[in-house]
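# Residue-level structure breakdown
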Amino acid sequence: MKLERRYACAPASDRIPSTMAETHSLQDLRQPAVSSKVFVQRDYGSGTISKFQTKFPSELESRLDKQQFDETIQTLNNLYAEAEKLGGKSYLEGCLACLTAYTIFLCMETHYEKVLKKISRYIKDQNEKIYAPRGLLLTDPIERGLRVVEITIYEDRSIGSGR
Amino acid sequence: RRNRGGLLNQRSFIVTDPERSFPGQRSRSPRRKWQLLPGRNRFYCDGRIMMARQTRVFYLTLVLILLTCGLFFTFDCPFLASHLTPAIPAVAGVLFVFVMATLLRASFTDPGVLPRATPDEAADLEGPTGEGVLNPPPRSREVLVNGQTVRLKYCFTCRMFRPPRASHCSLCDNCVERFDHHCPWVGNCVGRRNYRFFYLFILSLSFLTLFIFAFVITHVIIRSNRTGFLSALKDSPVVVCFFSIWSIVGLSGFHTYLISSNQTTNEDIKGSWSTKRGKDNYNPYSYGNILTNCCAALCGPLPPRSGLLLSTTVLASSPPSPLPPLPPLPPLPAPPPPLSPPPLLPLPLSPPLLPPPPLLPLPLSPPPLPPPPLLPLPLSPPLLPPPPPLL
């Protein structure tokens, strides 16, 4: 059965129970049900900087390599550290903003926002390359207030091989 | 595009557009994300401006500042400019603009509201259910932050463990990151994202009030050469100005101390890092030296809004990279289940798709009676009476 369109995988809205999958089948599209969600919590060991725990959740053992998971989380942690880094550049940006009564941000983005966009692209990229083929989905932590990295596990309905 | 489709072909996913998932609710105009935010906030200018529910005291602050400065510029400045130097009204003008800019910025900026836990997240914390009843998680959790034990409390309203330094504001009904206090004068919580604006506001206001006070006195003195000091003084409520100045200057001094030691008002009042609690008690967030603490608080990177406040529209814009056309839509947090204690605000009607109208206050349902306001302000600035119009 050929799908008419191919979409980027998206998380099901939390409002949709798994029974909605049957309704959508009317539109000739199959929606895999959400099997469960894993939440990677924040690591506060170094203070309030954004950093996530690298502990590998047991629910993902069957689907993902520990190494890949580690790499993803470490990269995210590094990117957040880059966004929140205190240094000459961030101070300069802060002082410049103060002097212009913060109107400068009407024309330019803050460094933090730039890095967040980078993170968002990275997550999208990871989802496409690594997580989607395994029936997983990473949610950008900014959607959750940088509290958790939400990984949605979809039911395995693939007919073909795992990779 | 075909190649990427090949990768995804093994699993067939569809985009779940929140608009399409409920066919009966299909609407032409996109629903704004911030409208789905629970909590008692007011939004204006299409979600760009965010304030607390009670804004009367904020309008009072505005009126007092405008009135004081207006009278100063009208009655004292002409005299001072002509008799002394025109730099006086110029400096007063610059200070006034800075005060207003920082006040508005402090009032209108999202203080760093934490999005509430999604039902799945809350369920994950609450643990496995027995007979369908969710067990609430333990009241608090201990973590080690830079060697110091910090207790993270569980927020029953937001259904999550609060990050360190976050606190739940009962007036706004939100958890706020790095919560300092709720300031009624500014009409908003003071938290991570607007603390520097608040500090610059009270600092510049101190300078402005001292400046005005000094030059009103000067004016009185110069005039008293003609009419006599006491008669000139009795025309001016300078004595009242004197007390209000000390409150604002005192508050600025207090916040300067807080910034230099990297504490929040909340922590200082509770004595969280005081050595009285224990010999080894220290502030794990302090950078060690005053300069770094000050720079970090005032010039550090400013995090953008998070969660529902991330963008003003529901539908995310398409990404620049060559990906399949429809972008993944972020999941909307569902309304909290009936177990959640606070009342849920009903979703307002979606506004028409027009350029953002000025001052579009959201019709929110009347909240329950708010608890007594939490004002951990050590000094509340009393009224700023205007300088007298001298004869």
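Residues numbered from 1 in each chain as written. Chains lettered and ligands numbered in written order. Predicted model: local features only at pLDDT ≥ 70, side-chain atom pairs only at ≥ 80, totals over all residues. Heavy atoms only, no water.

This part covers the overall build of chain A. Scanning chain A from terminus to terminus reveals 4 helices and 3 strands. Going residue by residue from the N terminus, the α and β elements of chain A occur as α-β-α-α-α-β-β. Within the span of chain A, comprising 163 residues, buried residues form 51% of the whole. Partitioning the contacts of chain A with sequence separation of at least 6, the portion at a separation of at least 24 is 59%. Of the roughly 8,200 Å² of accessible surface on chain A, a fraction of 53% belongs to carbon and sulfur atoms. (Helix = DSSP H or I, 4+ residues; strand = E, 2+ residues; numbered from the N terminus. Buried < 20%, exposed > 50% of the residue type's maximum accessible area, 1.4 Å probe, protein only. Contact = heavy atoms within 4.5 Å. Areas by Shrake-Rupley, 256 points an atom, 1.4 Å probe, with all protein chains shown as cover.)

Here we take up the overall build of chain B. From N to C terminus, chain B includes 10 helices and 10 strands. When each of the 391 residues of chain B is scored for burial, the buried share is 52%. Within chain B, contacts between residues at least 6 apart in sequence are counted, and of these 68% link residues at least 24 apart. As displayed, chain B offers around 18,700 Å² of accessible surface, 65% of which is attributable to carbon and sulfur atoms.

All names here are of chain B. Those residues carrying the UniProt feature "transmembrane region" (unreviewed entry) are residues 57-75, 87-106, 197-222 and 237-260 in this numbering. Along residues 57-75 the backbone is 100% helical and 0% strand, and the end-to-end C-alpha distance reaches 27 Å. The distance separating the terminal C-alpha atoms of residues 197-222 is 37 Å; by composition the span is 100% helix and 0% strand. (UniProt positions renumbered as here; feature names shortened; annotations may be inferred.)

Inspection of the secondary structure assignment puts Tyr44(A) in the loop between strand E1 (34-41) and helix H2 (66-83). Judged by its relative accessible area of 10%, Tyr44(A) falls in the buried class. Once you skip the residues sitting within four places of it in the chain, Tyr44(A) turns out to touch Val143(B), Leu144(B), Val145(B), Leu152(B), Pro163(B) and Pro164(B).

Another point: the sheet that holds strand E7 (residues 167-169) of chain B. Residues and elements named next belong to chain B. The strand order across the open sheet formed by 3 strands is E3-E8-E7, and the pairing between neighbours is antiparallel. Bordering the open sheet on either side are strand E3 (113-114) and E7, each of which pairs with just one other strand. In the sheet, E3 pairs with strand E8 (residues 174-176) via 2 bridges, with the strands oriented antiparallel. Looking across to E8, one finds that Leu114 is bridged to Cys175. (Pairing = 2+ DSSP bridges.)

Among the nonpolar cores identified, the biggest contains 45 residues, and Ile65(B), Phe72(B), Phe198(B) and Phe201(B) are the most heavily contacted of them. Mapped onto this core, the elements with two or more residues apiece are strand E2 (49-52), helix H3 (56-83), helix H4 (87-108), helix H6 (195-227) and helix H8 (238-260) of chain B. Here the element with the most residues in this core is H6(B); it accounts for 13 residues. Membership of the second largest hydrophobic core comes to 27 residues, among which are Leu60(A), Leu64(A), Leu76(A) and Ile123(A). (Core = buried A, V, L, I, M, F, W, Y, C linked by side-chain atoms within 4.5 Å.)

The next point concerns the packing of aromatic side chains. How two aromatic rings sit relative to each other is set out by the distance from centre to centre and by the angle between their planes. Residue and element names in this part refer to chain B. According to the stated counting rule, one finds 10 aromatic pairs over all chains in the structure shown. Plain terms: the ring middles of Phe211 and Phe215 are 4.8 Å apart, the flat faces sit at 55° to each other, and that makes the pair tilted. Residue Phe211 and its partner Phe215 are both found in helix H6; the two are separated by 4 residues, about one turn of the helix. Note on Phe211: relative accessible area 16%, which makes it buried. (Phe/Tyr/Trp six-rings, centres within 6.5 Å; stacked < 30°, edge-to-face > 60°.)

Here we come to the pattern of salt bridges. Pairs may arise between side chains of opposite charge once their charged atoms sit close together. All names here are of chain B. On inspection of all chains with the given rule, the structure shows 15 salt bridges over all chains. Where Arg305 meets Asp110, a salt bridge forms, and the shortest distance between an N and an O atom there is 3.6 Å. You can see Arg305 sitting in the segment after helix H10 (290-299) and its partner Asp110 sitting in the loop between H4 and E3, a full 195 residues away along the chain. Asp110 matches Arg305 in its accessibility class, with the two residues each being buried. (Salt bridge = Lys/Arg side-chain N within 4 Å of Asp/Glu carboxyl O.)

Residues and elements named next belong to chain A. Mapped onto the elements of the fold, Gln126 is located in helix H4 (residues 111-131). For Gln126, a relative accessible area of 8% translates into the label buried. Beyond its immediate stretch of four places on either side in the chain, Gln126 contacts Thr72, Tyr131 and Leu138.

Our focus in this paragraph is the sheet that holds E1(A). All names here are of chain A. Pairing within the open sheet is antiparallel, and its 3 strands lie in the order E1-E3-E2. Of all the strands in the sheet, the pair left with one neighbour each is E1 and strand E2 (136-139). When the angles between neighbouring strand axes are averaged without regard to direction, this sheet yields 20°. (Axes fitted to C-alpha atoms, helices over the stretch in contact; angles between N-to-C directions.)

Together, Arg139(B), Arg151(B), Lys153(B), Lys270(B) and Arg277(B) give the surface a local cluster of positive charge. Relative to the helices and strands, Lys270(B) resides in helix H9 (residues 265-270). (Patch = residues over 30% accessible without salt bridge, like charges linked within 9 Å, V, L, I, M, F, W, Y side chains within 5 Å. Lys, Arg positive; Asp, Glu negative; His and termini not counted. Charge placed at Lys NZ, Arg CZ, Asp CG, Glu CD.)

Across chain B, the average pLDDT comes to 72, with 63% of residues at 70 or higher. Here residues 315-391 of chain B is modelled with pLDDT under 50, and outside its nearest four sequence neighbours on either side it reaches 164 contacts, counting other chains as well. (pLDDT = per-residue confidence, 0-100.)

This part is about the environment of Ile259(B). All names here are of chain B. Note that Ile259 resides in helix H8. Overall, the relative accessible area of 2% leaves Ile259 in the buried class. Residues Ile259 and Leu291, spaced 32 residues apart in sequence, show a C-alpha to C-alpha distance of 9.7 Å. Among all residues touching Ile259, those that are not within four sequence positions of it are Tyr195, Tyr199, Asn293, Cys294, Ala297 and Leu298.

Our focus in this paragraph is helix H5 (residues 119-126) of chain B. Taken as a whole, H5(B) has its buried residues at Glu121(B), Ala122(B), Leu125(B) and Glu126(B). When H5(B) is viewed along its axis, its buried side chains cluster within an angular range of 135° and face the same direction. In this structure, the buried side of H5(B) is in contact with E1 and strand E3 (148-154) of chain A together with strand E4 (140-145), strand E5 (148-155) and strand E6 (160-161) of chain B. (Arc of directions from axis to C-beta.)

Here E4(B) runs beside E5(B); their pairing, made up of 6 bridges, is antiparallel. Residue pairing for E5(B): Leu144(B) is matched across the bridge by Thr149(B).

The subject of this paragraph is the layout of surface pockets. If you add up the space inside the second largest pocket, you get close to 710 Å³. As for the second largest pocket, its lining consists of 34 residues, of which Thr48(A), Arg165(B), Arg178(B), Arg192(B) and Tyr287(B) are closest to the centre. Among the elements that make up the lining of the second largest pocket, the one with the highest residue count is H10(B) (3 residues). Tallied by class, residues from the lining of the second largest pocket come to 17 nonpolar, 9 polar and 8 charged. (1 Å grid on protein atoms, 1.4 Å probe; cavity = no way out; pocket = protein on both sides within 12 Å on 5 of 7 lines; lining within 4 Å. Points joined across faces, edges and corners; volume = space filled by probe spheres on them. Nonpolar A, V, L, I, M, F, W, Y, C, P; charged D, E, K, R; others polar.)

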